[in-house]
Every structure is written in structure tokens, then in C-alpha cells.
Amino acid sequence: MTMKNKSLDNQIHSNIELFQAIYEATEGRISRVYETENPMTLILKEDYCVTIYEDNHEILVEISRGNERIARHYRSYDKVFYAVLAMESKPYYKQKKKVEAVAGNKKCSFKKLFFLIFGMIFTVFGGALFLICLAGAISDKFQPVYVYLSLLFSFGVMLMAGISAVCMGIKIGRKIKTEDEETEENRNTAKMTDKKTAKKLLDELKKRTERDALRIIIDEERKPTFTGSKLGGTPYWDDLQEYPTASDGRGLILLAQFNLAELPENNLFPKHGILQFFILDDMYYGMPFYEHGYPQNTFRVVYHSEINENITEENVLSYGIITSRDFSNPLNENTCKQGRKFPVIGEYAVSFKNVKVHMNDNDVRCMDLLYKIAAEMDIEADRRLDAQKLFGILNDGDKKYSDFHEATCGHYLCGYPDFRQWDPRSLSSAEYYDTMLFQLDSDSYFGEWRVLWGDAGVGSFFINSEKLSDMEFDDVLYNWDCC
């Protein structure tokens, strides 16, 4: 197996540059899946799946193979580059890396020594000459002025060059120390937590993150009403407003509608009005490929504070819109022949149940919070351990971890999200989009799909908690993913 030579020294600065460097170095053997840039997922030989995620100048690399998973932190993309090549070409890389590491450390040590010695000599001599010249210039009243200025400038340059060289030597020394620490960290096996410690962490996580939510239950026995809570169907729409459309003029389709007066007693929403979720029925189910700050052209969240009882279903259908009911008919020309797709198949009434929920490792904030809890409780928790390693030890067959990981599955108003792949939010954006507004999971009933996102996926809407308190829905993050 051959590999192109590539000399790197902090030349890679993003996921895309990293993939280009890896693609070139491996002559195209490593492939990239999905189109997302952050996180970026690579498929390597021997069934390695590597997800690279950058946030706040820290690079997290998650390596998966079968049921095994490990997370590692890196301080530069160049180190990630070499780490990925190590997995792609173990025999070649292992030998090459060992030789390069020894040679690199010797080279860096020589540079450090050279810069320190050179810098100290220039600093001492340059500083001494500069002070002597300055004293002479003062006693001679800077006459002749051009001679003294020339000498002071020359000795000043020598002094600055010496100081710069000393600083460079110190910087190289710190770099060697950092690399040694990283090598030692990656060499040592991650220490697993015992059952008692893992249980303490899990209980404290549940305690700190517990919050109210409304579980949504599909009611097969009841037919939904025009203004009632439902999945799909014809939306209530006040004719004083313009019906939501995409930028090309296509009408959006009702994904879900919730009459807030039908909710059980709660502190999450007001007790009146209708909250609606619309998406475009294209191949992406209306999901835009941006994290935030985009216009909501392909999806919309709408709140009607008042309900006009004079509006009828016939009034809304007169706009010429299609509904989710059209997707339950395989012969409908408006949907099937145009290749249009929609996750809700038909129309369903829903009911609600008050529940208590807690964060799990589907949420991007979970692991940072766990390590913070561990530090506060004086518990040693290796940051290379993911949640599965932390909690899987609690029970044979990872049942405890499965219960913890899958606790967020299902349909919810508020609560915490579930994902088939990963949280689309970065740590920083999750601080803003801190509330899951609505989650609709794939759902089957006696072998028939009622809701289906791609390959049994899940859709979610996120909002800032202050925006939700004000019932303002102009800035919402929408995402769906599947297996």
C-alpha cells in the first residue's frame, strides 16, 4: 500500500482542508459520507467510522467500529491527519510514525537549544551594547546624532532578535512537552468507572437535568378535528394571514398542530391558541443545511394566539394546498408522480401526558456536563470515555446504558432530543437553542408506518428558552436524521 508524502506543520485549519489532505495522502481511498462539514464523517478500511467535530478550538474525534466507540481530543488538525492515516494504514504508518516521532523530537530539541543559546547571547550582548551606547550618547548630547542613532538602532535590533529567539525556544519547548503529554495520554488505557461510581454520576445527571415535558400519544380511536391537536391533516389558518410558502411559491404542509387548550396543566405553554409546524414536501423534508441565521423558507413554526371559529376546513382547502392525507393514497397524482415525500402518512389525533425527562448522551451538552459533575464530586472520569463506556458497566448486556440512551425516543413537546446519528448543534449553539420545542419520531402501528422519516429517523425543532417564553418562533433550528 503506497501513500503520498505530506509534510505538515499546522497547515490544516478546517474539516474540509483535513479531508482534502487525507484524500490526497491516501490517493482517494478514504471516503467521506454525508455532506455536513462539521461534524464530518469518514469511512476507513476495516469498517472504521471516524467522526470529526470542531468546537471552540478543540477537535473531538470519535472512532467507531461495530459496538466499540472511543472519543479522543486533539489540539490541531495536523495531529488528526496523522491519527486518521494510522487507522487507514496501520502497518506502514506505525513504523513510519515511530521513526518520525524520534526524529521529530530530536530535531525540535536541537531547535530549542539553538534558539535559547542564540537568543541569550544576542540578548546579553545587544542589551549591554545598547546601554553603553545610550550612556555615551547622553554624555555627548547625541553629537554626532546620525552616528548614535545608527548604533542605537543596530544594537536595538540585536536585542530584539535575541529576545525573539529566546521566546521561540520557549515556545518549541512547550510544544515538545504538549506532544509528550498527548502521546502519554493516548498510550495509557482509559480507566473505566466502577458500577458504584457510574451510578452516582447517572443519578446526579438525572437530578440536575430533570425537567417537565409533554409526551404525545397517537390516538387511533379518535378522528382529529379541524382546530384540534393532530399530526398532519388540514391546518387551521386565519385568512387574514398569508399561508406559509417556500421561496419558490410552493405551499408548506402541516406536520403537526397542537391546540394549547387541549394540553394538560403545564408551565410550558399558554392555555390558549394553536401551535403549528409546517415543512416542505421535498426529498429533504424541508430541512435547510445551515445551523442558524437562515430564513425559514422550507419550514415554519406558527403560533395563532386566537382562534377564529368562523374559519372552516373548506376555506383552507380552497387555497389549493395538499395535506398529509394525500400521501396515504399511492394513486394520488399530486404526490407520487412528482416524487414528493412527507413523513406523516395520513392524519392522526393525539393526546398528551405530563412526564419528567432528563438529559442523555444524545444531547451534545451531556458529556461536558458529566465531566463537570465528576470534577465537582471528586470522581475520576477519563475524558476519553463516552457515555456507553461510563454507564454500560452498570448492567450486563448494556441494558442500563440502553435504557439511558433510549429514554428520549418518541414524540414530545419540550424535553430532550433523540437522534439516530448526532446532535446537529455545536456546544456553543446548544447554549442558544437550549430547548427542544417539538420532536416527532418514526412510528408504526401493527406493521404499518404512521410516521416515517427516511430510514426510521426522527425530526426535531429547537428554540431559545426566552423566545419560547415570549411565544416568538422567528428563529427555530429544525433537523431530522435517520439510520
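Residues numbered from 1 in each chain as written. Predicted model: local features only at pLDDT ≥ 70, side-chain atom pairs only at ≥ 80, totals over all residues. Heavy atoms only, no water.

## Considering the overall build of the protein chain
Thinking step 1. A tally of regular secondary structure across the protein chain gives 11 helices and 17 strands.
Thinking step 2. Put simply, the protein chain has 483 residues, and 46% of those count as buried.
Thinking step 3. Taking contacts inside the protein chain between residues at least 6 apart in sequence as the whole, the part at least 24 apart equals 67%.
Thinking step 4. When the accessible surface of the protein chain is split by element, carbon and sulfur atoms take 54% of a total near 25700 Å². (Helix = DSSP H or I, 4+ residues; strand = E, 2+ residues; numbered from the N terminus. Buried < 20%, exposed > 50% of the residue type's maximum accessible area, 1.4 Å probe, protein only. Contact = heavy atoms within 4.5 Å. Areas by Shrake-Rupley, 256 points an atom, 1.4 Å probe, with all protein chains shown as cover.)

## Remarks on the pattern of salt bridges
Thinking step 1. As enumerated under the stated definition, the model contains 19 salt bridges in all.
Thinking step 2. Lys 356 is the partner of Asp 212 in a salt bridge, and the nearest nitrogen-oxygen pair spans 2.6 Å. Of the two residues, Asp 212 sits in strand E6 (residues 211–219) while Lys 356 sits in strand E11 (residues 347–357), which places them 144 residues apart along the sequence.
Thinking step 3. On the basis of relative accessible area, Asp 212 is assigned to the partly exposed category, the value being 33%.
Thinking step 4. Since its relative accessible area comes to 56%, Lys 356 is described here as exposed.
Thinking step 5. One salt bridge in this structure joins Arg 425 and Asp 363, with 3.2 Å as the shortest N-O distance. Of this pair, Arg 425 sits in the loop between strand E12 (412–413) and helix H10 (427–432) while Asp 363 sits in the loop between E11 and helix H7 (366–376), and the two are 62 residues apart along the sequence. (Salt bridge = Lys/Arg side-chain N within 4 Å of Asp/Glu carboxyl O.)

## Observations regarding the environment of Tyr 416
Thinking step 1. Along the polypeptide, Tyr 416 turns up in the loop between E12 and H10.
Thinking step 2. With a relative accessible area of 5%, Tyr 416 lands in the buried category.
Thinking step 3. The residues touching Tyr 416, leaving out its near neighbours within four places in the chain, are Thr 209, Arg 211, Val 357, His 358, Met 359, Asp 363, Arg 365, Thr 408, Met 436 and Gln 439.
Thinking step 4. Looking at Tyr 416, its side chain comes within polar contact range of the main-chain oxygen of Thr 209, at 2.6 Å.
Thinking step 5. Polar side-chain contacts of Tyr 416 include one of 3.3 Å to the side chain of Arg 211. (Polar contact = N/O pair within 3.5 Å; in protein donor to acceptor, adjacent residues only side chain to side chain.)

## Notes on unusual backbone geometry
Thinking step 1. The backbone phi angle of Ala 456 is positive, close to 55 degrees, even though this residue is not glycine.
Thinking step 2. The topology assignment puts Ala 456 in the loop between strand E15 (448–451) and strand E16 (458–463).
Thinking step 3. We classify Ala 456 as partly exposed; its relative accessible area is 22%.
Thinking step 4. Residues other than glycine seldom take positive phi values, yet Met 471 does so here, at roughly 55 degrees.
Thinking step 5. With respect to the helices, strands and loops of the structure, Met 471 is situated in the loop between helix H11 (465–469) and strand E17 (477–481).
Thinking step 6. Look at Met 471 and you get buried, because its relative accessible area is 14%.

## A look at the packing of aromatic side chains
Thinking step 1. Applying the stated criterion across every chain, the model contains 24 aromatic pairs.
Thinking step 2. Taken together, Phe 258, Phe 277, Phe 299, Phe 352, Phe 438, Phe 461 and Tyr 478 form an aromatic cluster joined through their ring pairs. (Phe/Tyr/Trp six-rings, centres within 6.5 Å; stacked < 30°, edge-to-face > 60°.)

## Looking at the sheet that holds strand E9 (residues 274–279)
Through backbone hydrogen bonds, the strands of a sheet pair up, either in parallel or in antiparallel fashion.
Thinking step 1. Sheet architecture is open: 10 strands sit in the order E10-E9-E8-E7-E11-E6-E12-E13-E16-E17, paired in antiparallel fashion. One side of each edge strand has no neighbouring strand; the edge strands of this open sheet are strand E10 (299–304) and E17.
Thinking step 2. Both strand E7 (residues 230–232) and E11 contribute to a ladder of 3 bridges, which runs antiparallel. When the bridges of E11 are listed, Lys 230 appears paired with Ala 349. (Pairing = 2+ DSSP bridges.)

## Thoughts on H7
Thinking step 1. Listed as buried for H7 are Cys 366, Met 367, Leu 369, Leu 370, Tyr 371, Ile 373 and Ala 374.
Thinking step 2. Immediately beyond the C-terminal end of H7, within one or two residues, lies Asp 378, with a positive phi of roughly 55 degrees.

## Structural notes on the nonpolar core
Thinking step 1. In this structure, Leu 255, Phe 269, Phe 277, Leu 437, Phe 438, Phe 461 and Phe 473 are the most contacted members of the largest nonpolar core, which totals 42 residues.
Thinking step 2. Broken down by secondary-structure element, the contributors of at least two residues to this core are E6, strand E8 (253–259), E9, E10, E11, strand E13 (435–441), E16 and E17.
Thinking step 3. If one sorts the elements of this core by residue count, E8 sits on top with 4 residues.
Thinking step 4. Not counting the four nearest positions on each side in its chain, Phe 277 is found in contact with Ile 253, Leu 254, Leu 255, Ala 256, Phe 258, Arg 300, Val 301, Leu 437, Phe 438 and Phe 461.
Thinking step 5. Ranked by size, the runner-up nonpolar core spans 25 residues in total, among them Ala 25, Leu 42, Ile 59 and Tyr 82. (Core = buried A, V, L, I, M, F, W, Y, C linked by side-chain atoms within 4.5 Å.)

## Things to note about the environment of Leu 231
Thinking step 1. With respect to the secondary-structure elements, Leu 231 resides in strand E7.
Thinking step 2. As a C-alpha pair, Leu 231 and Val 350 span 119 residues in sequence and 7.2 Å in three-dimensional space.
Thinking step 3. Residues in contact with Leu 231, not counting those within four places in the same chain, are Ile 218, Leu 255, Ala 256, Val 344, Gly 346, Glu 347, Tyr 348, Val 350, Leu 440 and Val 451.

## Digging into the packing of helix H5 (residues 195–209) against H7
Between two packed helices, both the angle of their axes relative to each other and the distance between the axes serve to describe the pair.
Thinking step 1. Two elements in contact, H5 and H7, have axes whose closest approach is 10 Å; the angle formed by their N-to-C orientations is 115 degrees. Considered as vectors, H5 and H7 are oriented roughly perpendicular to each other. Note that H5 runs across H7; the crossing there is right-handed. Contacts between H5 and H7 pair Leu 201, Glu 204, Leu 205, Arg 208 and Thr 209 from the former with Cys 366, Leu 369, Leu 370, Ile 373, Ala 374 and Glu 376 from the latter. (Axes fitted to C-alpha atoms, helices over the stretch in contact; angles between N-to-C directions. Parallel < 35°, antiparallel > 145°, perpendicular 65-115°, else oblique. Left-handed = near helix turned anticlockwise from the far one by under 90°.)

## Regarding the pairing of E11
The two faces of the sheet receive side chains in turn, since in a regular strand these alternate between them.
Thinking step 1. Two strands pair when backbone bridges link them, and E6 and E11 are joined in this way by 9 bridges, in the antiparallel orientation. Pairing of Asp 219 across the sheet is with Ala 349, part of E11.

## Here's the deal with helix H1 (residues 15–25)
Thinking step 1. Where H1 is concerned, the buried positions are Asn 15, Leu 18, Phe 19, Ala 21, Ile 22 and Ala 25. For H1, the arc enclosing every buried residue in end-on projection is 165 degrees, short of the 170-degree limit, so these residues lie on one face.
Thinking step 2. Downstream of H1 by a residue or two, Glu 27 has a phi angle that is positive, lying close to 55 degrees. (Arc of directions from axis to C-beta.)

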